[in-house]
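This is what each chain is made of:
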Amino acid sequence: MSFSWLKPSKHPIIVAHRGSSALAPENTLASFRQAIADGADAIELDVRLSKDNEVVVFHDRRVDRTTNGSGLVKDLTLFELKKLNAGGWFHRRFSGETIPTLDEVFEVIGGRVGINIEIKADDRHEKALNILERGIELINKHQAADFVLISSFDDMVIRQAKILQPEIATGILYSPLKNFRLSIHQLMKRTNAHIFISARSYLKRIIVSNLHEKNIKVGTYTINDELSLIRVMKKGVDFIYSDNPAKIFNMRHLKNKIGVMVSLSNHDFLT
Ligand code: G3P
Ligand code: MG
């Protein structure tokens with residue numbers, strides 16, 4: 001596996017957000033396979049713990065939106081979660097999809113693309129730290145340290161990841177609402193994360209250039225349309241998270257609009 005979050009061979013890197021989640025149900029093996037078929041460089045997925053402490057790939061706290069079940073993920077055992085239909089809500093042809101475990105994702109997707117594991121941190125800190133510990137066990141079991149990125153909105157999780165396994169790439173997810181007590185400068189100093197990842201609405205060109213000066217790479221989400229792509233490309237971001245990587249790759253006709261920036265900053269995007 002040659003993919004590296006720290007020394008990417010392309011610019012920008014296209015990350016399939018929850019897999020190719022515009023074309024297949026988010027955070028399922030189908031969406032990850034679709035991402036590979038679409039040519040994505042990496043996938044992003046969200047992880048939580050089941051009631052019996054298994055690391056499951058799931059975005060929301062509750063299973064209701066994206067399965068036929070009801071209740072909190074943390075109140076259901078892996079056995080109970082596995083019985084749910086995690087694809088039928090998207091389209092009936094995906095009705096065979098189940099909630100994957102992180103273990104399964106490593107088994108099936110392996111090192112074919114980079115894997116960004118987002119540790120969900122909307123429960124207590126301790127819970128997020130438990131997810132991290134279990135996640136690192138699985139990363140090591142699958143010898144995946146070279147091609148994973150651990151990210152979280154919780155700065156404590158990123159700090160702890162550095163302590164537990166400093167060679168794993170880390171990304172801090174920024175939100176003025178969630179990290180409200182810290183400036184970007186403080187957040188980076190505190191976490192020492194390799195990558196700063198922000199919603200596109202918070203990202204300014206000056207923020208990107210300041211971070212680049214400090215050798216910190218920048219990612220942004222979620223980029224699904226032309227205007228957003230042009231804007232973030234002009235800001236010089238390194239990682240673009242999209243629900244639809246195939247659509248992004250098809251925006252070759254934008255080359256003229258972003259060409260000036262491309263030649264200035266040596267991007268090889270759309271070439
Ligand atoms: O990693 C970027 C993005 O996934 C963070 O937000 O809610 O889609 O997990 P969310
Ligand atoms: Mg996420």
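First, a word on what this report is: a plain description of the structure on this page. Note that this is a predicted model, so its numbers are computed, not measured.

Next up on the list: the nonpolar core. In this structure, Ile43, Leu45, Phe106, Ile115 and Ile117 are the most contacted members of the largest nonpolar core, which totals 33 residues. Broken down by secondary-structure element, the contributors of at least two residues to this core are α1 (29-38), β2 (42-49), β3 (55-57), α3 (102-109), β4 (114-119), α4 (125-141), β5 (148-152) and α5 (155-164). At six residues, the largest contribution of residues to this core is made by α4. Look past the residues within four positions of Ile117 in its chain and what remains in contact with it is Leu45, Val47, Leu102, Phe106, Ile139, Val148, Leu149, Ile150 and Ser151. Core analysis: the next-biggest nonpolar cluster, separate from the first, contains 27 residues, Ile207, Val218, Leu229 and Leu254 among them.

With that out of the way, let us pick up the site of ligand 1. Residues in contact with ligand 1, as listed here, are His17, Arg18, Glu44, Asp46, His59, Glu118, Lys120, Leu173 and Tyr221. Here an oxygen atom of ligand 1 sits 2.8 Å away from a polar atom, N or O, in the side chain of Arg18. Taking Glu44, its side chain carries an N or O atom lying 2.6 Å from an oxygen atom of ligand 1. Partitioning the shell around ligand 1 into residue classes produces two nonpolar, two polar and five charged.

Moving on: the pattern of salt bridges. Under the defined criterion, the tally for this structure stands at 13 salt bridges. For the salt bridge of Asp60 with Arg65, the shortest nitrogen-to-oxygen distance reads 2.7 Å. As a salt-bridge pair, Arg190 and Asp155 come within 2.7 Å of each other at their nearest N and O atoms. Taken together, the positions of Arg190 in helix α6 (residues 184-191) and Asp155 in helix α5 put the pair 35 residues apart, joining distant regions of the chain.

On to the environment of Ser31, then. Its location among the elements puts Ser31 in helix α1. Separated by 66 residues in sequence, Ser31 and Glu97 place their C-alpha atoms 9.9 Å apart. Among the polar contacts listed, one links the side chain of Ser31 to the backbone oxygen of Pro25, at a separation of 3.3 Å.

The rules we used
- Residues numbered from 1 in each chain as written.
- Chains lettered and ligands numbered in written order.
- Predicted model: local features only at pLDDT ≥ 70, side-chain atom pairs only at ≥ 80, totals over all residues.
- Heavy atoms only, no water.
- Core = buried A, V, L, I, M, F, W, Y, C linked by side-chain atoms within 4.5 Å.
- Buried < 20%, exposed > 50% of the residue type's maximum accessible area, 1.4 Å probe, protein only.
- Helix = DSSP H or I, 4+ residues; strand = E, 2+ residues; numbered from the N terminus.
- Contact = heavy atoms within 4.5 Å.
- Near = heavy atom within 4 Å.
- Polar contact = N/O pair within 3.5 Å; in protein donor to acceptor, adjacent residues only side chain to side chain.
- Nonpolar A, V, L, I, M, F, W, Y, C, P; charged D, E, K, R; others polar.
- Salt bridge = Lys/Arg side-chain N within 4 Å of Asp/Glu carboxyl O.

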